[in-house]
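What follows is each chain in one-letter form.
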Amino acid sequence: MTEVKHRGAFIVVEGLDRSGKTTQCAILHERLVESGVDAQLMKFPDRTTVIGQMIDSYLKSQSDMDDHLIHLLFSANRWELVSSIERQLREGTSIVCDRYAFSGIAFSASKGLPYAWCRSPDIDLPAPDMTIFLDISPEKAKERGGYGEERYEKEEMQNKVRQVFRRIEAEMQGQRLQSGGQWVTIDAGRDRETVSADVWRHAQPLVTSVEHPIRKLWT
Ligand code: T5A
Ligand code: NA
């Protein structure tokens, strides 16, 4: 008898700068692979594409851009990868994704762009099955070696970003934003092992149980 293969699960990890997203994505990916799950890591912004290189130059303050324009480039950078995301999920590969559309809203709305405007270019993207939000206070995040040199890595900005993430969280949990998938908030101010145990507890059951077709974000 041939084994019925589930489609892959689409797991997004979000959070403030230095909340430990990349660290936790790597641990989760490794644990999934070790347990025999076909899984891939993905990251936004993907700085390797032509659009990604423009974003990289902006983040390093080597170029300036209108706030609306850089927002649309971050979104376009996700749209570039849609066919690859959908293909992998359909083929049974789970995706662990470091940032997604929620970062797009959180950072641009923090600069003063209208929230609804920020959300619109990402509507219809593949919806994550689960978003794991790594919550940390900007003060605690700053202790992790201090912020780096990039454009948004300042405490005042991070405080605003956290507020917008809180709004997204409330709307996702209250189902005001439909088809965004499940939203899980984890206290990321604890040690790596404690955080990764929590991440695993939520993500592991999902990868073996996704049945529904890939949904579209916020539609
Ligand atoms: N952005 C992004 C937008 O404006 N719009 C968008 O649409 C998108 C997608 C770059 C910027 O782009 C913005 C948001 C960002 O400002 P990035 O490339 O993801 O985004 O940023 P990075 O600089 O790569 O990553 P972060 O600074 O956000 O860090 P992480 O990934 O959250 O944290 P990580 O894992 O690298 O850890 C940071 C440090 O803390 C330590 C690590 O060893 C490391 O030194 N650490 C811990 N220390 C103590 N306890 C723990 N539990 C720890 N976990 C990790
Ligand atoms: Na990172």
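Keep in mind that what you see is a predicted model, and the values were worked out from it rather than measured.

Quick notes on the layout of surface pockets
Part 1 of the reasoning: In this structure, the largest pocket occupies an estimated 700 Å³ of space.
Part 2 of the reasoning: Asp 17, Arg 18, Lys 21, Thr 22 and Arg 99 are, among the 33 residues lining the largest pocket, the residues nearest its centre.
Part 3 of the reasoning: Those elements that provide at least two residues to the lining of the largest pocket are helix H1 (21-34), helix H3 (67-79), helix H5 (101-110) and helix H9 (192-207).
Part 4 of the reasoning: Across the lining of the largest pocket, the residue classes break down as nine nonpolar, nine polar and 15 charged.

Thoughts on the side chain of Glu 150
Part 1 of the reasoning: Among the secondary structure elements, Glu 150 is positioned in the loop between helix H7 (138-143) and helix H8 (155-173).
Part 2 of the reasoning: Here the side chain of Glu 150 touches Arg 47 through a polar contact of 3.0 Å, side chain to side chain.
Part 3 of the reasoning: For Glu 150, the residues in contact, after removing those within four places along its chain, are Arg 47, Leu 59 and Lys 60.

Concerning the sheet that holds strand E2 (residues 39-43)
Hydrogen bonds between backbone atoms are what pair the strands of a sheet, whose relative direction is either parallel or antiparallel.
Part 1 of the reasoning: Taken in spatial order, the five strands line up as E2-E3-E1-E4-E5 in an open sheet, and their pairing is parallel. Strands with a single pairing partner mark the edges of an open sheet, and in this sheet they are E2 and strand E5 (182-187). Direction aside, neighbouring strands of the sheet carry axes that sit 20° apart on average.
Part 2 of the reasoning: When E2 meets strand E3 (residues 94-98), the two strands line up parallel, connected through five bridges. Within E3, the position partnered with Lys 43 by the bridge is Asp 98.
Part 3 of the reasoning: Seen against the sheet, H5 touches strand E1 (10-15), strand E4 (130-135) and E5 and runs at an angle of roughly 25° to E1.
Part 4 of the reasoning: Across the sheet, H9 lies against E1, E3, E4 and E5, angled at about 175° from E4, the strand it touches most.

So, how was this worked out
- Residues numbered from 1 in each chain as written.
- Chains lettered and ligands numbered in written order.
- Predicted model: local features only at pLDDT ≥ 70, side-chain atom pairs only at ≥ 80, totals over all residues.
- Heavy atoms only, no water.
- 1 Å grid on protein atoms, 1.4 Å probe; cavity = no way out; pocket = protein on both sides within 12 Å on 5 of 7 lines; lining within 4 Å.
- Points joined across faces, edges and corners; volume = space filled by probe spheres on them.
- Helix = DSSP H or I, 4+ residues; strand = E, 2+ residues; numbered from the N terminus.
- Nonpolar A, V, L, I, M, F, W, Y, C, P; charged D, E, K, R; others polar.
- Polar contact = N/O pair within 3.5 Å; in protein donor to acceptor, adjacent residues only side chain to side chain.
- Contact = heavy atoms within 4.5 Å.
- Pairing = 2+ DSSP bridges.
- Axes fitted to C-alpha atoms, helices over the stretch in contact; angles between N-to-C directions.

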